[in-house]
Amino acid sequence: PPRVLSGIQPTADSFHLGNYLGAVRNWVAMQDDVDAFYCVVDLHAITAGHEPAELRRRTRVSAAQLLALGLDPERCTLFVQSQVPEHAQLAWVLSCITGFGEASRMVQFKDKSQKQGADRSSVGLFTYPILQAADILLYQADQVPVGEDQRQHLELTRDLAQRFNNTFGPAFTVPAPYIVKDTAKITDLQDPTAKMSKSSSSPAGIIDLLDEPARSAKKIRSAVTDAGREILFDTENKPGVSNLLTIYAALSGHTIDELLEQYDGKGYGDLKKDLAEVVTAFVTPIRERTRLYLDDPAQLDKMLAVGADKARAVAAQTLAQAYDRVGFLPPA
Ligand code: TYM
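- Under an unreviewed UniProt entry, the protein chain has the name Tryptophan--tRNA ligase and belongs to Spirilliplanes yamanashiensis.
- Taken verbatim from the UniProt record of the protein chain, the Sequence similarities (unreviewed entry) comment is "Belongs to the class-I aminoacyl-tRNA synthetase family."
- We quote the UniProt Catalytic activity (unreviewed entry) comment for the protein chain here in full: "tRNA(Trp) + L-tryptophan + ATP = L-tryptophyl-tRNA(Trp) + AMP + diphosphate + H(+)".

Written out as structure tokens, the structure is:
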């Protein structure tokens, strides 16, 4: 079976609906058919300032949420990045074959460092995509399920894999992005041309999975819709309604066409009212299940330790091979 790796940052108290529909939903769907590795990337979460106790709590909340959303440790390897030291070790080697200009062209770095002020942003924020490449290459991943915003980082990963293989001899599988177009960019409910984002969306623009369901329902009902009154799927001219239809289709299992037929002759208000109910029905059990996993942190930590062991078995092999290719002495 193909090997799959993906990761998610524990940088907020909750994942948002974009994280789920753009990425985690596909992780869950793939776990039976592929050899899947999924990690909570806590090393990435310290690149822009953080509070230690909060990071520790959010890392557990992230793992609990992934379980609540349907990842099954019997069918995939779920682990925390910092518990597998090979990630940081390979990242160093890859950073030495990454061009400074090449790294400077990463759009997410440019956006984030601009927001923080160039002088205040860390070197870790700059090398962030190289660590991401290490995450992927360590597992010889064939496919990487992510949202649209990760495409450039995956191109860098492919370039680094090819460069390493050409320079030092074959060590890495060249991975392909796995981006499901329909849900690859869920947009902000208040600004439907921007992506829903934990760092830049306003509270009213983002659906946090662990939020009070009634609040999420209200956010859907007050989502910005477009000029006109007809319900059409047209991401150019009707980005607000199209985003709601995308979310509705993904959560209900209906196709967009079925929804268009169902809402023919109805108004935006009807669509929003019904979607608010669909979202409530989706988030309510997620919240409860997450809480149950968090009620037993010892059990959660044990599960993550098993995941880290399984991950290390693969990562150590790849790292040893890469170290050997680079010309390091055999382990002492
Ligand atoms: P992160 O933690 O920001 O987001 C996790 C996943 O959610 C997707 N996503 C979205 N998809 C659709 N619509 C949206 N509005 C939306 N917002 C976020 C992201 O594309 C991502 O798939 N750099 C990565 C984490 C990472 C990683 C990796 C991913 C570290 N190492 C290795 C894959 C492989 C990130 O910041 O994702």
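There's more to say after this.
1. Notes on the environment of T193
Inference 1: In this structure, T193 sits in the loop between β5 (176-178) and α8 (213-221).
Inference 2: Separated by 128 residues in sequence, T193 and Q65 place their C-alpha atoms 28 Å apart.

2. Description of the pattern of salt bridges
Inference 1: Across all of its chains, the model carries 15 salt bridges by this definition.
Inference 2: We note a salt bridge from R75 to D72, for which the minimum N-O separation is 3.0 Å.
Inference 3: Since its relative accessible area comes to 21%, D72 is described here as partly exposed.
Inference 4: For R215, the salt bridge identified is with D211, shortest N-O distance 3.1 Å.
Inference 5: Its relative accessible area of 46% is what places R215 among the partly exposed residues.

3. Points about a negative patch on the surface
Inference 1: There is a patch of like negative charges on the surface, built from E230, D257, E258, E261 and D264.
Inference 2: Mapped onto the elements of the fold, D264 is located in the loop between α10 (256-262) and α11 (268-294).

4. Digging into the site of the ligand
Inference 1: Neighbouring residues of the ligand: 28 residues in total, closest Q9, Y128, D135, D149 and I186.
Inference 2: Between the ligand and Q150 there is a distance of 3.1 Å, counted from a nitrogen atom to a side-chain nitrogen or oxygen.
Inference 3: Take M196: an N or O atom from its main chain is 2.9 Å from a nitrogen atom of the ligand.
Inference 4: Surface burial for the ligand is 97%, taken as the share of its 710 Å² of free accessible area covered by protein chains.
Inference 5: Counting only elements with at least two residues in the shell around the ligand, the list comes to β1 (3-8), α1 (17-30) and α6 (123-138).
Inference 6: Considered class by class, the residues forming the shell around the ligand number eleven nonpolar, twelve polar and five charged.

5. Quick notes on the side chain of S62
Inference 1: Structurally, S62 can be placed in helix α2 (residues 52-68).
Inference 2: The buried category is assigned to S62, whose relative accessible area is 1%.
Inference 3: Once residues lying within four places of it in the same chain are set aside, the contact partners of S62 are P10, F15 and V40.

6. So, the packing of aromatic side chains
Inference 1: Applying the stated rule across the entire model yields ten aromatic pairs.
Inference 2: Centroid distance Y323 to F328: 4.8 Å. Interplanar angle 85°. Geometry classified as edge-to-face.
Inference 3: A relative accessible area of 38% places F328 in the partly exposed class.
Inference 4: Grouped by ring-pair contacts, the aromatic residues F37, F79 and Y139 constitute a single cluster.

7. With respect to the pairing of β1
Each regular strand shows side chains that alternate between the opposite faces of the sheet.
Inference 1: When you tally the buried positions in β1, you get five out of six residues, the bulk of the element.
Inference 2: Of the strand pairs in this sheet, β1 and strand β2 (residues 35-40) are connected by six bridges, and their pairing is parallel. Paired with V4 across the strands is A36, a residue of β2.
Inference 3: Each parallel crossover has a hand, and the one from β1 via α1 to β2 is right-handed.

8. A look at α11
Inference 1: A rise of 1.5 Å per residue sets the reference length of α11, with its 27 residues, at 39 Å; its end C-alpha atoms lie 38 Å apart and thus fit the reference within 8%.
Inference 2: For α11, the complete set of buried residues consists of Y268, L271, K272, L275, A276, V278, V279, F282, V283, I286 and T290.
Inference 3: Of the surrounding secondary structure, the elements contacted by the buried residues of α11 are α1, α2, α8 and α9 (239-252).

Calculation criteria
Residues numbered from 1 in each chain as written. Predicted model: local features only at pLDDT ≥ 70, side-chain atom pairs only at ≥ 80, totals over all residues. Heavy atoms only, no water. UniProt positions renumbered as here; feature names shortened; annotations may be inferred. Helix = DSSP H or I, 4+ residues; strand = E, 2+ residues; numbered from the N terminus. Salt bridge = Lys/Arg side-chain N within 4 Å of Asp/Glu carboxyl O. Buried < 20%, exposed > 50% of the residue type's maximum accessible area, 1.4 Å probe, protein only. Patch = residues over 30% accessible without salt bridge, like charges linked within 9 Å, V, L, I, M, F, W, Y side chains within 5 Å. Areas by Shrake-Rupley, 256 points an atom, 1.4 Å probe, with all protein chains shown as cover. Lys, Arg positive; Asp, Glu negative; His and termini not counted. Charge placed at Lys NZ, Arg CZ, Asp CG, Glu CD. Near = heavy atom within 4 Å. Polar contact = N/O pair within 3.5 Å; in protein donor to acceptor, adjacent residues only side chain to side chain. Nonpolar A, V, L, I, M, F, W, Y, C, P; charged D, E, K, R; others polar. Contact = heavy atoms within 4.5 Å. Phe/Tyr/Trp six-rings, centres within 6.5 Å; stacked < 30°, edge-to-face > 60°. Pairing = 2+ DSSP bridges. Right-handed = clockwise from strand over helix to strand, strands pointing away. Expected span 1.5 Å × (residues − 1).

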